[in-house]
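# Observations on chain architecture
The lines below spell out each chain.
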Amino acid sequence: MLRAENLSLRYPGAARPAVDGASLAVAPGAWVALAGPSGCGKSTLLRLLAGLRAADAGTIALDGAPLPPPGAARRAWHRRVLLLPQDTARAFNPALALRPQFRAALALHGLGTDGPARDALALEALARCGVPAAALDRHPAGLSGGQRQRAALARLLCLSPRILLLDEPTAALDPATALEVCRLLEDIRRAPGGPAILAATHERCALAHADLVLPMADGVLGSARRGLARAAEVAPLRPVGQPAA
Ligand SMILES: Nc1ncnc2c1ncn2[C@@H]1O[C@H](COP(=O)(O)OP(=O)(O)OP(=O)(O)O)[C@@H](O)[C@H]1O
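Parameters and conventions
Residues numbered from 1 in each chain as written. Predicted model: local features only at pLDDT ≥ 70, side-chain atom pairs only at ≥ 80, totals over all residues. Helix = DSSP H or I, 4+ residues; strand = E, 2+ residues; numbered from the N terminus. Rg over C-alpha atoms; globule rule 2.2 N^0.38 Å. Buried ≥ 20, exposed ≤ 12 C-beta atoms within 10 Å, placed from the backbone. Contact = placed C-beta atoms within 7 Å. Axes fitted to C-alpha atoms, helices over the stretch in contact; angles between N-to-C directions. Parallel < 35°, antiparallel > 145°, perpendicular 65-115°, else oblique. Core = buried A, V, L, I, M, F, W, Y, C linked by C-beta atoms within 7 Å. Near = placed C-beta within 6 Å. Nonpolar A, V, L, I, M, F, W, Y, C, P; charged D, E, K, R; others polar. Pairing = 2+ DSSP bridges.

By the naming in an unreviewed UniProt entry, the protein chain goes by ATP-binding cassette domain-containing protein and is assigned to Falsiroseomonas tokyonensis.

### What about the overall build of the protein chain?
Secondary structure summary: the protein chain contains eight helices and eleven strands in total. Compactness check: the protein chain gives a C-alpha radius of gyration of 18 Å against a globular reference of 18 Å for 245 residues, within 12% of the reference. Considered along the principal axes of its C-alpha atoms, the protein chain spans approximately 55 × 40 × 35 Å. The 245 residues of the protein chain split such that 43% are buried. Considering only residue pairs separated by 6 or more positions, the protein chain has 65% of its internal contacts joining residues 24 or more positions apart.

### Considerations on the packing of helix 3 (residues 98-108) against helix 4 (residues 115-128)
For the pair helix 3 and helix 4, interaxial distance at closest approach is 9 Å and the crossing angle is 100°. Judged by the inter-axis angle, helix 3 sits roughly perpendicular to helix 4. Of the residues in helix 4, those touching helix 3 at Arg99, Phe102, Arg103, Leu106 and Ala107 are Gly115, Arg118, Asp119, Leu121 and Ala122.

### Quick notes on the nonpolar core
With 73 residues, the main nonpolar core has Ala33, Leu49 and Leu165 as its most contacted residues. Filtering out sequence-adjacent residues up to four positions away, Leu165 remains in contact with Leu46, Leu49, Ala50, Val81, Leu82, Leu83 and Leu198.

### Digging into the site of the ligand
Close contacts around the ligand come from Tyr11, Ala14, Ala18, Ser38, Gly39, Cys40, Gly41, Lys42, Ser43 and Thr44, and that covers them all. Looking at the shell around the ligand residue by residue, the classes come out as four nonpolar, five polar and one charged.

### Focus on the sheet that holds strand 5 (residues 65-66)
A sheet is described by the order of its strands in space; here four strands give the open sequence 2-1-4-5, paired in antiparallel fashion. At either margin of the open sheet sits one strand with a lone partner, and together these are strand 2 (19-26) and strand 5. Across five bridges, the pairing between strand 1 (residues 2-9) and strand 4 (residues 57-62) is antiparallel. Across the sheet, the residue bridging to Arg3 is Ala61, located in strand 4. Its contacts with the sheet place helix 1 (residues 42-49) against strand 1, strand 2 and strand 4, and it is angled at close to 120° to strand 1.

### A look at the pairing of strand 4
The sheet contact formed by strand 4 and strand 5 spans two bridges and is antiparallel. By the bridge assignment, Leu62 is partnered in strand 5 with Ala65. Here strand 4 hands over to strand 5 after two residues, with Asp63 in that stretch at a positive phi of 50°.

### Considering unusual backbone geometry
Phi is positive for Ser160, close to 55°, though the residue is something other than glycine. Within the secondary structure layout, Ser160 lies in the loop between helix 5 (145-157) and strand 7 (163-167). The class of Ser160 is partly exposed, set by 16 C-beta atoms lying within 10 Å. Although it is not a glycine, Glu168 sits at a positive phi angle of roughly 50°. Looking at where Glu168 falls in the secondary structure, it is placed in the loop between strand 7 and helix 6 (175-190). Look at Glu168 and you get buried, because 21 C-beta atoms sit within 10 Å.

This is how it looks when you write it as structure tokens:
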């Protein structure tokens, strides 16, 4: 269970916090959607949960163990709680083929004994995500947007994360590819030991798969809605300053 309590962050010089007292819980196997208008703080909240940016206040814990301080201890968190950024072109180094990038990610976390063993793990994850093996020797620019999205997901999956934090995972895809990626994510989270998903999204298909939808406005998280039928309720968001129900 990923749990955050009263998380807040105000960027230097900003008039108001980007994340303002956010509390949430993501249970094992769950798919939770974070929905709200552009600039409401979704990406910032995901970065805080991923341990990529320090909060001004609040706590984050996975299965009761708090987010470790920056340094060597934080590395285990970066294997278990992984963020797929909105722009997956930026998830990869454009100057390198995928093979060394998969190898580096696996080696960083001590997975696979050598290059060929790491390649086998990478190929398994790519196959699971429907990416042809030949992609391993391509540069990111040599993949379609959908393939790059799947390859970026595969690179996270080969680390066996507990939580996948997805920032607009389907926004850059055409509707058919977005649907395929949503189905893939559903398969991934339903697989035995599969990661839970917390996805910032405006997309109907990603909302449709969510067990819970958390509305966000002006850095403030509203109370959870269940399923797509209630996702429509996300539209009239709670005004700034109004206390949580
Ligand atoms: N690195 C940064 N430095 C300063 N301000 C930032 C930074 N990143 C985001 N912000 C500001 O914080 C607020 C929340 O931004 P954030 O990117 O978290 O929102 P979002 O809901 O993810 O938006 P979008 O859906 O457009 O990606 C915005 O006002 C944004 O301008």
